[in-house]
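# Summary of structural features
What follows is the residue order along each chain.
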Amino acid sequence: MAKYKFWTVLFVAFCIWAGFFIWNGEKQDRSDKFKLGLDLSGGTRLIYKADTSIINESEADEAMVSLRDTIERRVNLFGVSEPLIQVQKSGVFGGGEERRLVVELPGITNIDEAIKKIGQTPSLEFKLLPKDVEEDIKTKELTDKNTISRMFVSTGLDGRMLEKATLQFDQNFANKPIVGIKFNEEGSKLFAKITRENIGNMVGIFLDGNLIEAPSIREEIEGGEAVITGNFSVAQAKQVIRDLNYGALPLPISLISTETVGASLGNEAVKSSVNAGLYAFIIISLFLIAWYGFNGLVASFALLLYSIINLLLFKFIPVTLTSAGIAGFILSIGMAVDANILIFERTKEELKKGKDKYDALNEGFNRAWSSIRDSNLSSIITAVILYYFASTPVVKGFALVFFIGVLVSMFSAITASRTILFAFTKNKN
Amino acid sequence: MNIVKYRKIFYIISFVLIGVSFYSIFAFGLKTGTDFSGGSLLEIGFKEGAPSKEIVNKVIIDSGISNTVIQQIKEGGFSIKLREISQEEKNNILIGIQSLGFIPIEKSFTNVGPVLGKEALNKSIVSIILVLMAIVCFVAFAFRKVSKPISSWVYGFVAIIALLHDVIIPTGIFAIFGNLYGFEIDTLFITAILVILGFSVHDTIVVFDRVRENLNNSTPPKTTEEFDKIVDQSVRETFVRSLNTSLTTLLAIAVLYIWGPDSIKHFSLTLLIGITVGTYSSIFIGSPLLTTINRFKFKK
């Protein structure tokens, strides 16, 4: 008896401490606040499709990582707090495999700015025009740029091997702005090799898939330096250089989905969610007290402990809370009553049958446990499948919170709740 | 408590509900949100003075976009569903409204490409099928040791019937609401359905578990009447627990519906309907079905 009472006092102390800890964490601008999803914090989510058709499948994963890093560098430039940039592979549903990049920018609502800074990044490629193809074009007198562009052959030399781009002024052409590029070591070697083996051929410089110019190779170029003359204004040249410098994208990307949630909408959602949570807890507690009397009060305390354990888990894992996630948490509070009450009910049943306290406790637990385990397993299966197949972060957030909620309810039922309930059981003997 | 005796009444109620639901689904169809069909969803609010729906509609048509669905949301705001539009087109709409003297605030804007939409739809269908399959196997496995007088697969089968019942009715109701109020099926709706599935099985297992226990503790029933009695007794014993769990869960969801954020109002409503139906099916359909099947086997 004393054992249960001791643990109960411990749990009460724990609740008070945890409650204070959580409350405090949310007040100021501390780093241990709850992580909020976009629909609660406000912000922008952009989903890009990466075109991996130009490289080998085996290199695609690496290219995606490089893409991710490049975009992250860019995003960090405009000072977003806790941006999230992730590579995603779409499954085999609804079409072939697609590689995607998800960019989440909490707090950024000027989506035009965001897209411009991220999306307008050029991809740089160097392609060769073999001599016989060049002859072909001359004889057929092809002039369509698109057709000609497609006749160029990839060399493997592209923006990934760029070390630096600089603004230069062409002295031969009245100081026209030009883009000077310097390759890194790997690029320099490859560039030297290409120029050495293709003297007399044309090399096409493609920016974003567009053929900018196609100078002829006059000699081997060691040292990895070249210029792109094109037809840039100073502003344009500067933009291209800036973008090239912050990492020419290894892959071209296109925007396939956007989502912006205004900060006010996000705040509203947080307020409503918190209110709903509080009201839910109070109403359920009132119901329990009305139904079970004093035991109901004890059960409410067990529920409080359950809620606090969940919240602490959300803080420490950390779990990104969305509006659906908080809904899942509130739902799990309602469902947790079951597991937490059942053991107690069963034990009461056994006591009524005349068993002594120890046996009743044991029997009650054993009988109840299989029922709790089986009935909660179905919820767990649902949560796992939901999580794996979630197509939006909102659903994913819900699935995770729901999953945690069910597990914690099973856990608290066999530990904390049971202990608290028994601490208050009047000894019938 | 004589659930088994009056089972025919409950069967009829369910038949009617399912019939109406099927009819609604086929007659009205299901409206899909941008999650599945792709497109854009723009939510705007106004600080002071909001325009009428017609004015907003005209601005949109003037900018060359047709086939939009505009709904009023609270405080004079609008929820506008359109085909996929670019940032520029969206800005044009806002500027258009502004030029008429109103101050629109962009609350949220979502743009989903068709590929993503189709993917989401496929994923949702697959997840529902998987959950159904997983639950059948799980129930059959959990009840594998009870083979008399009905095999464990029967439990699984009955659970599935109850589950289908619990999915079809809320979907039917949403078809009706879709027709009347423009309610849409989106990824959250599918999530709600999956939660309902999980919960309904939870409830059903509570009863079946009791049936199993009572069957184990007594001599195998030799007549259908004896089996009926055991089922009735099990329902009676678990009735309070089932009701309690469902009530507390429903209370939680009702609070969510009333005080929770707007974005999950439909979600909460789906859950409310589904869990109510789920509880009803576990108590009034699931158990009586066991006896019906038992009778059927007995006659053979």
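Throughout what follows, the structure given in this document is the object of discussion. (Residues numbered from 1 in each chain as written. Chains lettered and ligands numbered in written order. Predicted model: local features only at pLDDT ≥ 70, side-chain atom pairs only at ≥ 80, totals over all residues. Heavy atoms only, no water.)

## Details of the pattern of salt bridges
All names here are of chain B. Per the counting criterion, the structure on display carries twelve salt bridges over all chains. Asp 62 is the partner of Lys 58 in a salt bridge, and the nearest nitrogen-oxygen pair spans 3.0 Å. Of this pair, Lys 58 and Asp 62 both sit in helix α3 (residues 53-62), four residues apart, which is roughly one turn of the helix. We note that Lys 58, like Asp 62, is exposed. Two residues, Arg 210 and Glu 237, come together in a salt bridge whose shortest N-O distance is 2.5 Å. (Salt bridge = Lys/Arg side-chain N within 4 Å of Asp/Glu carboxyl O. Helix = DSSP H or I, 4+ residues; strand = E, 2+ residues; numbered from the N terminus. Buried < 20%, exposed > 50% of the residue type's maximum accessible area, 1.4 Å probe, protein only.)

## Thoughts on the sheet that holds strand β10 (residues 225-228) of chain A
All names here are of chain A. Within the open sheet, the three strands sit side by side as β6-β7-β10. Their pairing is antiparallel. Of all strands in the sheet, those with a lone pairing partner are β6 (162-170) and β10, marking the two edges. Mean inter-strand twist for the sheet, computed between neighbouring axes without regard to direction, equals 30 degrees. Pairing geometry for β6 and strand β7 (residues 176-183), over eight bridges, is antiparallel. Its bridge partner lying in β7, Leu 162 is registered against Phe 183. Sheet strands in contact with helix α7 (residues 185-197) are β7 and β10, and its direction is about 105 degrees off that of β7. (Pairing = 2+ DSSP bridges. Axes fitted to C-alpha atoms, helices over the stretch in contact; angles between N-to-C directions. Contact = heavy atoms within 4.5 Å.)

## Quick look at the sheet that holds strand β1 (residues 39-46) of chain B
Note: strands within a sheet are paired through backbone hydrogen bonds, in either parallel or antiparallel orientation. Pairing is antiparallel in the open sheet, where eight strands are placed in the order β2(A)-β3(A)-β1(A)-β11(A)-β4(B)-β1(B)-β3(B)-β2(B). Strand pairing shows two members of the sheet lacking a second neighbour, β2 (84-89) of chain A together with β2 (69-72) of chain B, which therefore form its edges. On average, each strand axis in the sheet is inclined to that of its neighbour by 20 degrees, with strand direction left out of account. With five bridges connecting them, β1 of chain B and strand β3 (residues 78-82) of chain B associate as antiparallel partners.

## Description of the side chain of Arg 45 of chain A
Residue and element names in this part refer to chain A. Relative to the helices and strands, Arg 45 is located in strand β1 (residues 43-50). Accessibility expressed as a relative area gives 9% for Arg 45, which makes it buried. Setting aside residues up to four positions removed in sequence, Arg 45 forms contacts with Leu 38, Val 102, Val 103, Glu 104, Ser 257, Thr 258, Glu 259 and Pro 393.

## Here's the deal with the packing of aromatic side chains
Residue and element names in this part refer to chain B. Evaluated as defined, the whole model comprises 22 aromatic pairs over all chains. Pairing Phe 46 with Phe 102 gives two aromatic rings, centres 6.4 Å apart and planes at 70 degrees, and the pair type is edge-to-face. With a gap of 56 residues between them, Phe 46 in strand β1 and Phe 102 in the loop between α4 (87-99) and β4 (104-112) connect regions that are remote in the sequence. With relative accessibility at 9%, the residue Phe 46 sits in the buried group. The exposure class assigned to Phe 102 is buried, which follows from its relative accessible area of 19%. Aromatic ring contacts, followed pair by pair, group Phe 174, Phe 177, Tyr 181, Phe 183 and Phe 189 into a single cluster. (Phe/Tyr/Trp six-rings, centres within 6.5 Å; stacked < 30°, edge-to-face > 60°.)

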